[in-house]
Amino acid sequence: MSMEQALDFLEEFVRSGRPHLVVTANPEMVMKARTDPLFMEILQRADLVVPDGIGVVWAGAKLGQPFPERIPGIELAEGLLARAAAKGYRIFLLGSAPGVADQAAAKLQERWPGLRVVGTHHGFFQGPEEEQVLERLKELRPDILLAALGVPRQEKWLAAHLAELRIPVAVGVGGSFDVWAGVDKRAPEWLRKLNLEWLYRLVRQPWRIRRMAVLPVFVLTVWKELLFKGR
Ligand code: UDP
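Note that the structure is a prediction, hence the values are computed from the model and not measured.

S.K.: Hey, could you run me through the environment of Leu 43 in this one?
M.R.: Along the polypeptide, Leu 43 turns up in helix α3 (residues 37-45). Measuring from C-alpha to C-alpha, the distance between Leu 43 and Met 29 comes to 9.0 Å, with 14 residues separating the pair along the chain. In this view, Leu 43 contacts Val 23, Met 29, Ala 33 and Val 49; residues no more than four positions away in its chain are not counted.

Listed below in structure tokens is the structure:
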């Protein structure tokens, strides 16, 4: 589906009041799922999975399931926040280093005055602090929970707790809070247009090379699948 259709779906989820998990998938996540059965099950059972990475869009086209466009997680979240500001949906920001979610909330409220951020919490909670986070979320019952805990922790955490939290839209948004808070930057527009956002991240954060090493394997896996399907 297109970005607009995905946003319509998310609004429908909010209106339904029932819990929904949304995943923005990139090739690293697809490869992780192939060796992590729990993560695979979460991706398969998610209520909506959108192609965040250009590699997933490419694979869809090759394997006969074309996607109309790439839907970067951060842009999906921004589209949702714009609609939330207009409709009064309540947002909770969970994740990133201490202080970052607050800073992100302030920046988002500058951009969309009237945006209702009902709470924030950093993403390095452990043990009893996790119970407090859960209690707060149950008390506040936001309409939308954006979780920036990194992959796959954010998806696993949301999948494990979503039923008890009963939050209509829960999305893992990776490094988005860091970008909104101004701690990190997205690639410039021209690089994004060339589908090279991943390269920009790699140059800024070279430690990503270990995670990105799976990308050639992803390409090979798609080719292998093509061969077997005889396309
Ligand atoms: N993070 C967190 N708790 C953790 C691990 C990571 O809150 O236990 C945050 C981290 O500070 C960053 C985000 O999760 O803001 C992950 O960002 P990254 O760019 O690594 O996203 P990914 O590529 O994993 O989607």
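S.K.: Got a minute to help me understand unusual backbone geometry in this structure?
M.R.: Negative phi values dominate among residues other than glycine, just as trans dominates among peptide bonds. Residue Val 151 is joined to Pro 152 through a cis peptide bond whose omega torsion reads 0°. Not every positive phi belongs to a glycine, and Arg 166 is a case in point at roughly 50°. Residue position: Arg 166 is located in the loop between α8 (153-165) and β6 (169-172).

S.K.: Teacher, can you tell me more about the site of the ligand here?
M.R.: In the vicinity of the ligand lie 16 residues, with Ser 96, Gly 123, Arg 153, Asp 178 and Arg 208 positioned nearest. Between an oxygen atom of the ligand and a main-chain N or O atom of Ala 148, the distance comes to 3.0 Å. Contact with the protein chains covers 80% of the free accessible surface of the ligand, which is 550 Å². Looking at the shell around the ligand, its residues break down into five nonpolar, six polar and five charged.

S.K.: I'm lost on the packing of helix α7 (residues 128-140) against α8 in this one. Help?
M.R.: Helix packing for two helices is described by the angle between their axes and how far apart those axes are. Where α7 meets α8, the axes come as close as 10 Å, and the angle between the chain directions of the two elements is 45°. Classified by the angle their axes make, α7 and α8 are oblique. Our pair here, α7 against α8, has a crossing hand that is right-handed. Counting all contacts with α7, which are made through Glu 130, Val 133, Leu 134, Leu 137 and Lys 138, the residues of α8 involved are Trp 157, His 161, Glu 164 and Leu 165. Among the residues making up the contact of α7 with α8, the classes are represented as five nonpolar, one polar and three charged.

Definitions and cut-offs
- Per-chain numbering applies: the sequence of each chain, read as written, is numbered from 1 onward.
- Given that this is a predicted model, residues contribute local features only at a pLDDT of at least 70 and side-chain atom pairs are listed and counted only at 80 or more, while totals for whole chains, interfaces and linings are drawn from all residues.
- Water and hydrogen atoms were dropped before computing side-chain values, which therefore reflect all heavy atoms in the structure.
- A run of H or I in DSSP counts as a helix once it spans at least four residues, and a run of E counts as a strand once it spans at least two, with each numbered from the N terminus.
- Here a residue-residue contact requires only that any non-hydrogen atoms of the pair lie within 4.5 Å.
- Definition of nearness: a residue and a molecule or strand are near each other if at least one heavy atom of the residue lies within 4 Å of the molecule or strand.
- N or O atoms closer than or at 3.5 Å make up a polar contact, with two conditions inside protein: a donor-capable atom paired with an acceptor-capable one, and, for residues adjacent in sequence, both atoms drawn from side chains.
- For the area figures, the Shrake-Rupley method with a 1.4 Å probe applies, and any residue is considered shielded solely by the protein chains shown.
- Classification used: nonpolar for Ala, Val, Leu, Ile, Met, Phe, Trp, Tyr, Cys and Pro, charged for Asp, Glu, Lys and Arg, polar for all others including Gly.
- What counts as an axis is a line fitted to C-alpha atoms, over the stretch in contact for a helix, and the angles between N-to-C directions run from 0 to 180 degrees.
- An angle counts as roughly parallel when it lies under 35 degrees, as roughly antiparallel when it exceeds 145, as roughly perpendicular when it falls between 65 and 115, and as oblique in every other case.
- Note on convention: the crossing is left-handed when the near helix lies turned anticlockwise from the far helix by less than a right angle, right-handed when the turn is clockwise.

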